[in-house]
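# Coordinates in review
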Amino acid sequence: MGINQWPAHERPRERLISEGAQALSNAELLALFLRTGVKGKSAVDLARDTVLHFGSLGGLFGASLNDFCAVHGLGAAKFAQLQAVMELARRAIGEQLTAGQALSSPQAVKEYLRLMLSNKSHESFYVLFLDVKNRLIEAKEMFRGTLTHTSVYPREVVKEALARNAAGVMLAHNHPSGTPEPSESDLLLTRALVQALALVDVRILDHFVVAGCMVHSFAEHGQL
């Protein structure tokens, strides 16, 4: 039975309008994005099966075009729409950090980094360059590595910070195949970057490690 034949109070669109988006399940939210199902499946059924197929919403959002289109009922058009929605979300949170102090919105910083890093299949090292009021100047992927390792060069981070006249930075990288707890090499790298940037009067305000939906903050754990 199609969703339009469901009782009005059970339809995802009507429930979202009356109860708010937070009241809907992952499958119902995704169904609103998909709009239509396939033969024998409503949009909610297709959405539920899609999340199961990829293992999680993160797995779905990080799927390649070929993997996405391999699911019956999906295709290049929906893939493009999904990527556009995710990029809009990144830019919206980025605007918050540009307009206000990053330190006053730690949750916004974490959400921004989840959107940037949680779905990558390789290690990626980002630097968030901040002005004297801790507003975001730019977030840049500085280094990219493999599933388990990325080489980071402090002199390059210093050079980029000076080029942007940054007063401070936040560091971030992901652990695609692990937990958000920093490794010993992560701790050693952070100390080296603190020392290198201190020479040019640039402070490191935090270093985040993203693993799936989890984010570890060095500052919150007294590791800076």
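## Thoughts on the pattern of salt bridges
- What the rule picks out here adds up to 14 salt bridges.
- For the salt bridge of Glu 87 with Arg 91, the shortest nitrogen-to-oxygen distance reads 2.9 Å. Of the two residues, Glu 87 and Arg 91 are both situated in helix H6 (residues 76–99); the distance of four residues between them amounts to about one turn of the helix.
- Judged by its relative accessible area of 54%, Arg 91 is exposed.
- Across the pair Arg 114 and Glu 111 runs a salt bridge whose closest N-O atoms are separated by 2.7 Å. Residue Arg 114 and its partner Glu 111 are both found in helix H7 (residues 106–117); the two are separated by three residues, about one turn of the helix.
- If you follow the salt bridges from partner to partner, you end up with Glu 138, Lys 140, Glu 160 and Arg 164 in one network.

## Remarks on the layout of surface pockets
- Within this model, the largest pocket holds a volume of roughly 510 Å³.
- Lining the largest pocket are 19 residues, and of these Leu 57, Gly 58, Phe 61, Met 86 and Leu 115 sit closest to its centre.
- Looking at the lining of the largest pocket, the elements with two or more residues in it are helix H2 (26–34), helix H4 (57–61), H6 and H7.
- The element that contributes the greatest number of residues to the lining of the largest pocket is H6, accounting for five residues.
- A breakdown of the residues in the lining of the largest pocket according to their chemical character gives twelve nonpolar, five polar and two charged.

## Some thoughts on the nonpolar core
- Counting residues in each nonpolar core, the largest one holds 21 residues, and the members touching the most others are Leu 30, Leu 34, Ala 47, Leu 60, Phe 68 and Leu 82.
- Elements supplying a minimum of two residues to this core: H2, helix H3 (43–54) and H6.
- Examining the composition of this core, we find that six residues originate from one element, H3, more than from any other.
- With sequence-adjacent residues up to four places away left out, Leu 30 is seen in contact with Ala 47, Thr 50, Val 51 and Leu 60.
- Judged by nonpolar contacts, the second largest core, of 19 residues, contains Tyr 112, Met 170, Ala 172 and Val 215.

## Some points on the pairing of strand E5 (residues 214–217)
- Bridge count between strand E4 (residues 203–211) and E5: four bridges; the pairing is antiparallel. Of the residues in E5, the one forming a bridge with Val 209 is His 216.
- Hairpin geometry of E4 and E5 is characterised by an intervening segment of two residues between the two adjacent antiparallel strands and by a positive phi of about 65° at Gly 212.

## Observations concerning the environment of Phe 54
- As for its position among the elements, Phe 54 is in helix H3.
- Here Phe 54 falls in the buried class, since its relative accessible area comes to 16%.
- Residues Phe 54 and Phe 68, spaced 14 residues apart in sequence, show a C-alpha to C-alpha distance of 9.0 Å.
- In contact with Phe 54, other than residues within four places in its own chain, are Gly 59, Leu 60, Ala 63, Asp 67, Phe 68 and Val 71.

## Focus: unusual backbone geometry
- One non-glycine residue, Arg 35, lies in the positive phi region at around 75°.
- Within the fold, Arg 35 resides in the loop between H2 and H3.
- The backbone phi angle of Asn 134 is positive, close to 60°, even though this residue is not glycine.
- Tracing the chain through its elements places Asn 134 in the loop between strand E1 (124–130) and strand E2 (136–144).
- Given the relative accessible area of 11%, Asn 134 is considered buried.

## Quick word on the packing of helix H1 (residues 12–19) against H2
- Viewed as axis vectors pointing N to C, H1 and H2 meet at an angle of 115°, and their least axial separation amounts to 9 Å. When the axes of H1 and H2 are compared, the pair comes out roughly perpendicular. Of the two elements, H1 crosses H2, and the hand of that crossing is left-handed. Contacts from Pro 12, Arg 13, Arg 15 and Leu 16 of H1 reach H2 at Glu 28, Leu 29 and Leu 32.
- For the contact of H1 with H2, the per-class residue count stands at four nonpolar, no polar and three charged.

About the cut-offs
- Residues numbered from 1 in each chain as written.
- Predicted model: local features only at pLDDT ≥ 70, side-chain atom pairs only at ≥ 80, totals over all residues.
- Heavy atoms only, no water.
- Salt bridge = Lys/Arg side-chain N within 4 Å of Asp/Glu carboxyl O.
- Helix = DSSP H or I, 4+ residues; strand = E, 2+ residues; numbered from the N terminus.
- Buried < 20%, exposed > 50% of the residue type's maximum accessible area, 1.4 Å probe, protein only.
- 1 Å grid on protein atoms, 1.4 Å probe; cavity = no way out; pocket = protein on both sides within 12 Å on 5 of 7 lines; lining within 4 Å.
- Points joined across faces, edges and corners; volume = space filled by probe spheres on them.
- Nonpolar A, V, L, I, M, F, W, Y, C, P; charged D, E, K, R; others polar.
- Core = buried A, V, L, I, M, F, W, Y, C linked by side-chain atoms within 4.5 Å.
- Contact = heavy atoms within 4.5 Å.
- Pairing = 2+ DSSP bridges.
- Axes fitted to C-alpha atoms, helices over the stretch in contact; angles between N-to-C directions.
- Parallel < 35°, antiparallel > 145°, perpendicular 65-115°, else oblique.
- Left-handed = near helix turned anticlockwise from the far one by under 90°.

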